[in-house]
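Structure assessment
As a plain string of letters, each chain reads:
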Amino acid sequence: MGDTLESVMERKGLTRYQLSKISGIPWSTLSNICTGKTELEKCTVGTVRKLANALDLTIEETLDLETGMVSKSVKTPVDKSYLEIDLPSTLAEAIEDVKAGFEHNDPNMDLLLDTLYGEINANQWSDMITKEQADFLRSKYYYGDPHD
């Protein structure tokens, strides 16, 4: 059997109160998650992201905690569109600008891409997005084809 949220907290020596303070998730919300009143799948991406960051897990591993199916050999889903949900507004705007730039062959694409790269980095460094999200966004929009 894999880890549960409670077992990960126990292994890290965290109480619900401490995890609440570290993650920024209200204690009542965390308590509802721990007791099963609130399913992780029904939480906002922001809440799951905060929990993942605080526990040093990926979003997939965090979502799997509820069922006790976490393991480092968990296969990541092919569709990673969930990594683009609930992004900070400035980052979402930079992504839209890059998409529009590609669509209209904008002569200033280098500026749009530089802005996007800066937004991704700034949001990762300020813990607004996870490293997993930052890597995905760089791969898709900065290095890859945003239409994929």
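Attention here is on the structure that accompanies the text.

Details of the nonpolar core
Grouped together as the largest cluster of nonpolar side chains are 36 residues, with contacts concentrated most on Leu 5, Leu 19, Leu 51, Leu 55, Leu 91, Leu 116 and Leu 137. Going through the elements one at a time, helix 1 (5-11), helix 3 (27-35), helix 4 (45-55), helix 5 (59-65), helix 6 (89-103), helix 7 (109-125) and helix 8 (131-143) are the ones with two or more residues in this core. For Leu 137, the contacting residues outside a window of four places in its chain are Glu 84, Leu 87, Leu 91, Ile 95, Ile 120, Ile 129 and Tyr 142.

Quick notes on the pattern of salt bridges
Enumeration according to the criterion identifies six salt bridges in this entry. Of the charged contacts, one joins Glu 6 and Arg 16 as a salt bridge, the two residues approaching to 3.1 Å between their closest N and O atoms. Placement of the pair is Glu 6 in helix 1 and Arg 16 in helix 2 (residues 16-23), with a sequence separation of ten residues. For Glu 6, a relative accessible area of 34% puts it in the partly exposed group. Accessibility expressed as a relative area gives 26% for Arg 16, which makes it partly exposed. Lys 131 is the salt-bridge partner of Asp 135, the closest N and O atoms lying 2.6 Å from each other. Of this pair, Asp 135 and Lys 131 both sit in helix 8, four residues apart, which is roughly one turn of that helix. Residue Asp 135 is classed as partly exposed on the basis of its relative accessible area, which comes to 34%. By relative accessible area, which is 52% here, Lys 131 ends up exposed.

Comments concerning the packing of helix 2 against helix 4
The geometry of helix 2 relative to helix 4 is characterised by a closest axis approach of 9 Å and an angle of 110 degrees between their N-to-C directions. Relative to helix 4, the element helix 2 is oriented roughly perpendicular. In this structure, helix 2 contributes Leu 19, Ile 22 and Ser 23 to the contact, and helix 4 contributes Lys 50, Leu 51, Ala 54 and Leu 55. The residue inventory of the contact of helix 2 with helix 4, partitioned by class, reads five nonpolar, one polar and one charged.

Examining the environment of Tyr 143
When you line up the elements, Tyr 143 lands in helix 8. Note on Tyr 143: relative accessible area 59%, which makes it exposed. Among all residues touching Tyr 143, those that are not within four sequence positions of it are Tyr 117 and Arg 138.

Examining the side chain of Thr 62
Looking at where Thr 62 falls in the secondary structure, it is placed in helix 5. For Thr 62, a relative accessible area of 0% gives the class buried. Leave out the neighbours within four places in its chain, and Thr 62 touches Leu 40, Val 48, Leu 51, Ala 52 and Leu 57.

Thresholds, definitions, all that
Residue positions are given per chain, counted from 1 along the sequence in the order it is written. Where local features are concerned, this predicted model is filtered to residues with pLDDT of at least 70; where side-chain atom pairs are given and counted, the filter is 80 or more; whole-chain, interface and lining totals use all residues. Excluded from the side-chain calculation are hydrogens and water; included are all heavy atoms of the structure. To form a nonpolar core, buried Ala, Val, Leu, Ile, Met, Phe, Trp, Tyr and Cys residues must be joined to one another through side-chain atoms within 4.5 Å. With a 1.4 Å probe rolled over the protein chains alone, any residue whose accessible area is under 20% of its type maximum counts as buried; one over 50% counts as exposed, and the rest are partly exposed. Put simply, DSSP H or I for four residues or longer makes a helix, DSSP E for two residues or longer makes a strand, and each gets a number counted from the N terminus. In what follows, a contact means two residues having at least one pair of non-hydrogen atoms within 4.5 Å. For this document, the term salt bridge refers to a Lys or Arg side-chain nitrogen within 4 Å of an Asp or Glu carboxyl oxygen. Helix axes are fitted only over the stretch in contact, all axes being lines through C-alpha atoms; the angle between N-to-C directions runs from 0 to 180 degrees. The scheme is simple: roughly parallel for angles under 35 degrees, roughly antiparallel for over 145, roughly perpendicular for 65 to 115, oblique for anything else. Residues are sorted three ways: Asp, Glu, Lys and Arg are charged, Ala, Val, Leu, Ile, Met, Phe, Trp, Tyr, Cys and Pro are nonpolar, and all the rest, Gly among them, are polar.

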